[in-house]
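An overview of the molecular structure
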Amino acid sequence: MASNYKFEGWLGLSPEAIEGKMEWKDFEPKKWQEDDVDIQITHCGVCGSDLHTLRSGWGETAYPCCVGHEIVGKAVRVGHNVKHVKVGDRVGVGAQGRSCLKPDCPDCSAGLENYCIREKINTYDSQYPNGEGKSYGGYADYNRTNGRFIFKIPDEIPSSMPRRCFAAASPCTRLCATMAAGLERLSASWALGADRVVGISRKAAKRDEVLALGADEYIATDDDKDWANKHRRTIDLIISTVSSDKMPLQGYLTLLKTYGALIQVGAPDGGNLPPVNAFSLIGGGIKVGGSGIGSPNEINEMLKLAVEKKIKPWVELRPMSDANQTVVDMVAGKPRYRYVLVNEKHLS
């Protein structure tokens, strides 16, 4: 079945795209296969990963690039090999477009497709093998992705929640490298049974909002005097979403209880983190680890949890036509607390 629609979107053509200089152009999606699904995009979240990619912060981007990996919309073409989605379904796709999916792959065969190194295709800025083409993201009218990484959205979840639904790994096991400020994580922490939640950010400006959402405490690392010593050994687990090489990492480690853990899920440009003093790890039996996106199974768990516990992020809707200004505002740190682009011409 041939499509009668056109793939167009906001393309970054150079690192200057981060300055609000993306251009609306058509692009050629990957070659159609019967394992694929085409999505008519209605919503797409705006993530820090988009900014890193637009400016080539994580390595040289293969321009032109259409970013956006928190995609929600309607399935308009479904391959014969895809059985869990039908045309007309409301679906979404997160940060991964495909893995090798081979039965002899130690990751894919274990349900860990998100860690496959044989064929790791991101939703955007990845090259498919065998001349299949390139991946393009969600700041666009349409997206084409392998059906294994397409998820049906429960009716209870609004389309303006792509971040909570698809970009995040299931908090049942880990959190995603693209999860936003502590505000957005609070409801998930409560849902998983945490009896005490602490919000951590640089400035005190978020304190009232974080506490209003149910946090027991709030730490402002720029504004609270002697915060590391005051809260020393009071936290079991820290999920660090900070993507700055200037984060007070040593201070974070001071907050951890004996045998506590810090899981780093944010990645600065270049990937470099501040140095860690070995004695701060040895002295408390501290563990430092990392986590990426979730597997398809974990994302489905996340969807179920979001429905069951009524988990909802705070979002600010922006028209898709304002994507350039939205990127500029994102760089400036203005979102409170999540921008979601709305493709209004596809709403009915």
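For the structure, check the block above.
Summarised in this report is the structure supplied together with it. (Residues numbered from 1 in each chain as written. Predicted model: local features only at pLDDT ≥ 70, side-chain atom pairs only at ≥ 80, totals over all residues. Heavy atoms only, no water.)

A count of helical and extended segments in the protein gives 9 helices and 18 strands. Across the 348 residues of the protein, 53% fall into the buried class. If you take every contact in the protein between residues at least 6 apart in sequence, the share linking residues at least 24 apart comes to 67%. Total accessible area on the protein is roughly 15700 Å²; 50% of this is exposed by carbon and sulfur atoms. (Helix = DSSP H or I, 4+ residues; strand = E, 2+ residues; numbered from the N terminus. Buried < 20%, exposed > 50% of the residue type's maximum accessible area, 1.4 Å probe, protein only. Contact = heavy atoms within 4.5 Å. Areas by Shrake-Rupley, 256 points an atom, 1.4 Å probe, with all protein chains shown as cover.)

With that settled, consider the pairing of strand 15 (residues 256-264). Examined bridge by bridge, strand 14 (residues 235-240) and strand 15 share 5 bridges and lie parallel to one another. Looking at the pairing, serine 240 lines up with glutamine 264 of strand 15. With helix 6 (residues 249-255) bridging strand 14 and the parallel strand 15, this β-α-β connection has right-handed handedness. Summarising the sheet, strand 15 and strand 16 (residues 287-290) pair through 4 bridges and their orientation is parallel. Opposite alanine 261, over in strand 16, you have lysine 287 as the bridge partner. (Pairing = 2+ DSSP bridges. Right-handed = clockwise from strand over helix to strand, strands pointing away.)

You can see valine 46 is positioned in the loop between strand 3 (36-45) and helix 1 (48-54). In this structure valine 46 comes out as buried when scored by relative accessible area, which is 0%. As for valine 46 and leucine 341, which are separated by 295 residues in sequence, their C-alpha atoms are 7.2 Å apart. Each residue touching valine 46, except ones within four places of it in the same chain, is listed here: Glu70, Tyr139, Thr326, Met330, Arg338, Tyr339 and Leu341.

With that settled, the discussion passes to the layout of surface pockets. If you add up the space inside the second largest pocket, you get close to 180 Å³. Together, 13 residues line the second largest pocket, and Thr42, Lys74, His346, Leu347 and Ser348 are the ones closest to its centre. Those elements that provide at least two residues to the lining of the second largest pocket are strand 3 and strand 4 (71-78). Its residues assigned to classes, the lining of the second largest pocket shows 2 nonpolar, 8 polar and 3 charged. (1 Å grid on protein atoms, 1.4 Å probe; cavity = no way out; pocket = protein on both sides within 12 Å on 5 of 7 lines; lining within 4 Å. Points joined across faces, edges and corners; volume = space filled by probe spheres on them. Nonpolar A, V, L, I, M, F, W, Y, C, P; charged D, E, K, R; others polar.)

Take the environment of isoleucine 293 next. For isoleucine 293, the location among the structural elements is in the loop between strand 16 and helix 8 (296-309). Look at isoleucine 293 and you get buried, because its relative accessible area is 14%. Expressed as a C-alpha distance, the spacing of isoleucine 293 and alanine 95, which sit 198 residues apart in the sequence, is 7.2 Å.

This part takes up the pattern of salt bridges. For the structure shown, the criterion picks out 26 salt bridges. Note that glutamate 308 and lysine 309 form a salt bridge whose closest N and O atoms lie 3.9 Å from each other. Since its relative accessible area comes to 55%, glutamate 308 is described here as exposed. Accessibility expressed as a relative area gives 41% for lysine 309, which makes it partly exposed. (Salt bridge = Lys/Arg side-chain N within 4 Å of Asp/Glu carboxyl O.)

Attention now goes to helix 8. Taking 1.5 Å of rise per residue, the 14 residues of helix 8 would be expected to cover 20 Å, and the 20 Å separating its terminal C-alpha atoms lies within 8% of that figure. Buried residues of helix 8: Pro296, Glu298, Ile299, Met302, Leu303, Leu305 and Ala306, and no others. Downstream of helix 8 by a residue or two, lysine 310 has a phi angle that is positive, lying close to 55°. (Expected span 1.5 Å × (residues − 1).)

Here we take up the sheet that holds strand 15. Spatial strand order, 14-15-16: 3 strands in an open sheet with parallel pairing. Edge positions in the open sheet fall to strand 14 and strand 16, since each of these has one partner strand only. Each adjacent strand pair in this sheet contributes to an overall mean axis angle of 15°, direction not counted. (Axes fitted to C-alpha atoms, helices over the stretch in contact; angles between N-to-C directions.)

A separate point is the nonpolar core. By size, the foremost hydrophobic cluster in this structure holds 38 residues, and its most contacted members are Met22 and Tyr139. Of all elements in the fold, only strand 1 (8-11), strand 3, helix 1, strand 4, strand 5 (90-93), helix 9 (323-331) and strand 18 (339-342) reach the threshold of two or more residues within this core. Discounting chain neighbours no more than four positions away, the residues touching methionine 22 are Trp10, Leu11, Gly12, Ala17, Leu54, Tyr139, Ala323, Asn324 and Val327. Judged by nonpolar contacts, the second largest core, of 13 residues, contains Ile219, Ile235, Leu256 and Ile286. (Core = buried A, V, L, I, M, F, W, Y, C linked by side-chain atoms within 4.5 Å.)

These figures capture arrangement, not role.
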